[in-house]
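Structural description and commentary
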Amino acid sequence: MAAIIVGVLVLLALAGLFVIGSARRRTTGRLSRETRRADASEPDAAAQPEAPVAADAEAGEDPRQRADDSRRAIESGGAVPVPAGPRGVTRYEPVDEEELGITRRQFFNRGILTGMLLAVSGFGAAALGFLWPPASSAGGFGSNVNIGNVTDINATIAMKMPYYNATAKVYINPYPKSGLPKAAKVYTSVILAGMALGYVALYQRCVHLGCRVPWCQTSQWFECPCHGSKYNRVGEKRGGPAPRGLDRFPFQISGGAMTVDTGTIIMGPPIGTDTTGQAAEGALCV
């Protein structure tokens, strides 16, 4: 999970660098700083060439007479005389970037890159929110869940039914003290501590394909309706394709209330484990 989070963060960083780099590379049509400085400087007056004086002006020729001569030349089919007027030096005036603004191509390119960055950011935030583990104070599945007081649990067990809590996704069933010697050879110390208190906290999920396993009141077993896996009262496998017994949670009893640690799932016992010797007590449901 840590590798996925790091990968998402690196992807977001690369997208931001790509947007910044694209904006800096769009310098087409701009002059360099040295060229703008040279154009902004005033040319030397002494270096400016003097404008040529028209030959007609030096000769004192009348412009009206010159126009009459041109008209007569046109009427007679001759060539039109083109006087050589004065020619000045063309100067480049730099374009103000604030006045020019951005081009249409720059606008669309930046808009597309911004949309891509927002999409990647939204996906990254959603992925982090999905992968981030819930806080222990949230009280939901994956944290310590107070499932109720022991009095209510014992009252349900007395009706030969497991106590079920939907928030913790757990079944609470009694464990007989007579089975502790055999259980000590199979289960971990954390689970044995709960068995010594007289209970087992079983995860509702079938270890075969993940279906929720219901309780069969007639057989006093857990029987999965999906593919027929069967488990006895304390979650040890009795039949079907399940590869092991039901997974379970550690729990604590304090102040008369039971708290189940649903953030710690302990794998169920292997096939062949039978610490209580409980057979089906009636007709099977599946």
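Here is what the cut-offs are and how they apply
- Residues numbered from 1 in each chain as written.
- Predicted model: local features only at pLDDT ≥ 70, side-chain atom pairs only at ≥ 80, totals over all residues.
- Heavy atoms only, no water.
- Patch = residues over 30% accessible without salt bridge, like charges linked within 9 Å, V, L, I, M, F, W, Y side chains within 5 Å.
- Areas by Shrake-Rupley, 256 points an atom, 1.4 Å probe, with all protein chains shown as cover.
- Salt bridge = Lys/Arg side-chain N within 4 Å of Asp/Glu carboxyl O.
- Helix = DSSP H or I, 4+ residues; strand = E, 2+ residues; numbered from the N terminus.
- Buried < 20%, exposed > 50% of the residue type's maximum accessible area, 1.4 Å probe, protein only.
- Contact = heavy atoms within 4.5 Å.
- Polar contact = N/O pair within 3.5 Å; in protein donor to acceptor, adjacent residues only side chain to side chain.
- Core = buried A, V, L, I, M, F, W, Y, C linked by side-chain atoms within 4.5 Å.
- pLDDT = per-residue confidence, 0-100.
- Pairing = 2+ DSSP bridges.
- Axes fitted to C-alpha atoms, helices over the stretch in contact; angles between N-to-C directions.
- Disulfide = S-S within 2.5 Å.

Moving on, we come to a nonpolar patch on the surface. Where nonpolar side chains cluster on the molecular surface, the patch consists of Val10, Leu14 and Leu17 and spans about 290 Å² of accessible area. Looking at the secondary structure, you find Leu14 in helix H1 (residues 2-25).

What follows concerns the environment of Thr273. The residue Thr273 is located in the segment after strand S10 (257-261) in this model. Overall, the relative accessible area of 8% leaves Thr273 in the buried class. Each C-alpha atom, one on Thr273 and one on Lys182, is 9.1 Å from the other, the two residues being 91 residues apart in sequence. Excluding residues within four positions of it along the chain, Thr273 makes contact with Val186, Tyr187, Glu236, Lys237 and Arg238. Side-chain polar atoms of Thr273 contact the backbone oxygen of Pro270, separated by 2.9 Å.

Below, the discussion takes up the nonpolar core. Of all hydrophobic cores here, the largest spans 20 residues; its most connected members are Met195, Val213, Phe222 and Tyr231. For this core, the secondary-structure elements that each account for two or more residues are helix H9 (189-196) and strand S4 (199-203). With residues up to four places along the chain from it excluded, the contact list for Val213 reads Tyr171, Gln204, Arg205, Cys206, Phe222, Glu223, Cys224, Tyr231 and Leu246. Counting 16 residues, the second-largest nonpolar core is a separate cluster that includes Tyr163, Val170, Tyr199 and Phe251.

Attention now goes to the confidence of the model for the protein chain. Averaged over every residue, the pLDDT of the protein chain is 80; the share at 70 or more is 69%. Scored below 50 in pLDDT, residues 53-59 shows three contacts in the model against residues more than four places distant or in partner chains.

On the basis of which strands lie adjacent, the open sheet formed by four strands has the order S5-S6-S7-S8 and antiparallel pairing. The sheet is open, and its two borders are formed by strand S5 (215-216) and strand S8 (237-239), each paired with just one other strand. Where S5 lies against strand S6 (residues 221-223), two bridges are found, and the strand directions are antiparallel. In the sheet register, Trp215 faces S6, and the bridge partner there is Phe222.

Now for the sheet that holds strand S9 (residues 251-254). Strand order in the open sheet formed by three strands is S1-S10-S9, and the pairing between neighbours is antiparallel. Where the open sheet ends on each side, the last strands, each with one partner, are strand S1 (144-149) and S9. Geometrically, the sheet is characterised by an average inter-axis angle of 25° between neighbouring strands, direction not taken into account. The pairing of S1 with S10 spans five bridges and is antiparallel. Following the sheet pairing, Val145 is matched in S10 by Val260.

Bringing the state of the cysteines into the picture now. Here the structure, examined in full by the defined rule, presents two disulfides. With its sulfur 2.1 Å from that of its partner, Cys211 forms a disulfide with Cys226. Linking Cys211 and Cys226, the disulfide has an S-S dihedral of approximately -115° and is accordingly described as left-handed. Remark: Cys226 occurs in the loop between S6 and strand S7 (230-231) and Cys211 occurs in the loop between S4 and S5; sequence separation between them is 15 residues. On the accessibility criterion, Cys211 (19% relative accessible area) is buried. One disulfide in the model links Cys216 with Cys285; its S-S distance is 2.0 Å. Since a negative S-S torsion denotes a left-handed disulfide, the Cys216-Cys285 link at about 80° is right-handed. Pair noted here: Cys216 is in strand S5 and Cys285 is in the segment after S10, with a separation of 69 residues, a long-range link. Cys216 sits in the buried class, given a relative accessible area of 1%.

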